[in-house]
2 protein chains.
Amino acid sequence: MSARSGRVPEVVVRRLPVYLRVLEELNETESPIVSSQEIGRLTGISPGQVRKDLTNFGVFGKQGVGYRTALLRRELRRILGLDRLIPVGLIGAGHLGLAVARYDQERERRHPGGTCLMAIFDKDPQKIGTTVGDLVIQDVAKLEESLLALGIRILILAVPATEAQALVDRAIRLGVRAFLNFAPVSLKVPPGVVVHTTDVGLELEALAYYA
Amino acid sequence: MSARSGRVPEVVVRRLPVYLRVLEELNETESPIVSSQEIGRLTGISPGQVRKDLTNFGVFGKQGVGYRTALLRRELRRILGLDRLIPVGLIGAGHLGLAVARYDQERERRHPGGTCLMAIFDKDPQKIGTTVGDLVIQDVAKLEESLLALGIRILILAVPATEAQALVDRAIRLGVRAFLNFAPVSLKVPPGVVVHTTDVGLELEALAYYA
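What you see is a predicted model, and the numbers here were worked out from it, not measured in a lab.

A.B. asks: Before we go on, may I ask you to explain the relation of the copies chain A and chain B in this structure?
C.D. replies: In this arrangement, two copies of a chain are superimposed by a rotation about an axis accompanied by a shift along the axis. Overlaying chain A with chain B gives an RMSD of 0.0 Å, the required rotation being 180° about an axis along which the chain moves by 0.0 Å. Both copies of the chain, as the preceding transformation shows, are related through a two-fold rotation axis. When each C-alpha of chain A is compared by its distance to the rotation axis, H95 of chain A comes out closest, at 2.4 Å. When the interface residues of chain A are mapped onto chain B, 100% of them are again interface residues, pointing to one common binding face.

A.B. asks: It is not clear to me how the side chain of T43 of chain A should be interpreted in this structure. Could you clarify?
C.D. replies: Residues and elements named next belong to chain A. By the element assignment, T43 lies in helix 2 (residues 36–43). Judged by its relative accessible area of 16%, T43 is buried. Setting aside anything within four residues of it in sequence, one finds T43 in contact with V18, Y19 and V22.

A.B. asks: What should I look at first to understand the sheet that holds strand 6 (residues 135–139) of chain A in this one?
C.D. replies: Within a sheet, adjacent strands bond to each other through the backbone by hydrogen bonds, running parallel or antiparallel. On the basis of which strands lie adjacent, the open sheet formed by seven strands has the order 5-6-4-3-7-8-9 (chain A) and mixed pairing. The sheet is open, and its two edges are formed by strand 5 (131–132) and strand 9 (194–197) of chain A, each paired on a single side.

A.B. asks: Whenever I open this one, helix 1 (residues 10–25) of chain B confuses me. Can you help?
C.D. replies: One turn of an α-helix holds 3.6 residues; hence residues three or four places apart share an orientation. The terminal C-alpha atoms of helix 1 of chain B lie 24 Å apart, and with 16 residues this matches the ideal 22 Å at 1.5 Å per residue to within 8%. Buried residues of helix 1 of chain B: V12, V13, R15, L16, P17, Y19, L20, R21, V22, L23 and E24 of chain B, and no others. Buried positions along helix 1 of chain B lie against helix 8 (200–208) of chain A together with strand 1 (33–34), helix 2 (36–43), helix 3 (47–55), helix 4 (69–80) and helix 5 (95–110) of chain B.

A.B. asks: Whenever I open this one, the sheet that holds strand 6 (residues 135–139) of chain B confuses me. Can you help?
C.D. replies: An order of 5-6-4-3-7-8-9 (chain B) is seen for the seven strands of this open sheet, with the pairing classed as mixed. Looking at which strands have only one partner, the edges of the open sheet turn out to be strand 5 (131–132) and strand 9 (194–197) of chain B. Bridge analysis of strand 7 (residues 154–157) of chain B against strand 8 (residues 178–181) of chain B gives four bridges, and the strand direction is parallel. Looking across to strand 8 of chain B, one finds that L157 of chain B is bridged to N181 of chain B. In the packing of helix 8 of chain A onto the sheet, the strands contacted are strand 3 (86–91), strand 4 (115–122), strand 7, strand 8 and strand 9 of chain B, and the crossing angle to strand 8 of chain B comes to about 160°. Contacting strand 3, strand 4, strand 6 and strand 7 of chain B, helix 6 (residues 143–150) of chain B crosses the sheet at an angle of about 165° to strand 4 of chain B.

A.B. asks: Whenever I open this one, the interface of chain A and chain B confuses me. Can you help?
C.D. replies: Size of an interface: often given as the accessible area lost when the parts come together. Across the boundary between the two partners, chain A contributes 55 residues, which contact 55 residues of chain B. Buried area between chain A and chain B, summed over both chains or domains, comes out near 5,200 Å², and the portion from carbon and sulfur atoms is 66%. When residues of chain A are sorted by the area they lose upon contact with chain B, E205, Y209 and Y210 of chain A head the list and together hold 17% of the total. Across the contact surface, chain A and chain B share six salt bridges. Where R107 of chain B meets E205 of chain A, a salt bridge forms, and the shortest distance between an N and an O atom there is 3.5 Å. Remark: the boundary between chain A and chain B carries 15 residue pairs in polar contact (both at pLDDT 80 or more). Taken together, the residues of the side of chain A that touches chain B sort by class into 35 nonpolar, seven polar and 13 charged.

Criteria and thresholds
Residues numbered from 1 in each chain as written. Chains lettered and ligands numbered in written order. Predicted model: local features only at pLDDT ≥ 70, side-chain atom pairs only at ≥ 80, totals over all residues. Heavy atoms only, no water. Least-squares fit on C-alpha atoms with pLDDT ≥ 70 in both. Contact = heavy atoms within 4.5 Å. Helix = DSSP H or I, 4+ residues; strand = E, 2+ residues; numbered from the N terminus. Buried < 20%, exposed > 50% of the residue type's maximum accessible area, 1.4 Å probe, protein only. Pairing = 2+ DSSP bridges. Expected span 1.5 Å × (residues − 1). Axes fitted to C-alpha atoms, helices over the stretch in contact; angles between N-to-C directions. Buried area = accessible area lost by both parts, 1.4 Å probe. Salt bridge = Lys/Arg side-chain N within 4 Å of Asp/Glu carboxyl O. Polar contact = N/O pair within 3.5 Å; in protein donor to acceptor, adjacent residues only side chain to side chain. Nonpolar A, V, L, I, M, F, W, Y, C, P; charged D, E, K, R; others polar.

Right, dumping it as structure tokens:
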């Protein structure tokens, strides 16, 4: 839970799913063993960094040989907590929210287990009651009872910047500790709560440096 | 241009728009001077890191006082290249593409100058010819001539994973050097080309660690 934040730098935690993605795409029969060089080549991360990141979690390869593919995959899923079901909620069923929901439903179909989108909320009466895949869009006024009933642990925000902070405050009071925020706003949260903000504007401005 | 990649670590470049965002929100009359402590408080980045990042680009504050707000804002825009117009293109007018386009048009309205979305492409005949804000969706078959005619420098990809690499290859041949990729795929590009990939699946898996 919140005790995990702070132990290992967030930048390291963010690389673990990148390694896992590569391992999930490897054919185990063809590649029963995978080296840090191979992981490095497939991810663009240096082999030394790969080994160092994994050592942080007590995962060591065999010198000059590498890691057992199936074991490393299982270990990474366990470290990330993806060996359990993690209920995810989404607020905002506009274009962005719908894109995220459909993308995530497709991803779950391909890689079942781990994070699972279990509720979508909106405030628009035209949208409430309509379906996205197998989920019915719920009234955000009922956010509290739904979060509790479903045990939502991660909340995705695809709402206007002006609405994000109040929603985060409501969810934190119910024990949600992890947010993926698409609103172009810097959210204030207490220690132990993690927010990843994805802001297209900031991405474009950083890319302008290279353009 | 491509010579810029490699000089300063990408992680530093990515923080510059975060500083700029804060400076754009400061009222210059109330805050003619801003300290690294204040920037740190508003961004959640340590004051020492703020000073170190800016020093990389030859930008120094006055010891014990800080930076002149207007000057620092202008310097950051110049360093990022946002003092020129940077034409941006977008491929994919599905839910995600439309969300990105509308968000960006709104952002440009509030902060004119710098990156500017100038073309949207799709392959769906139902979408080609329809409008998004003041832009008409173009046939992606005409990508090459449009990129050249408009001088597109940054390309946003909101297409399925299977289509992204071929589109990147086409754009690189025309001199595009910066990509913002929303497809859940690791793109292969030659040195000097920068790709930022935003993948909801990877974000959720990293957040699972804290959930």
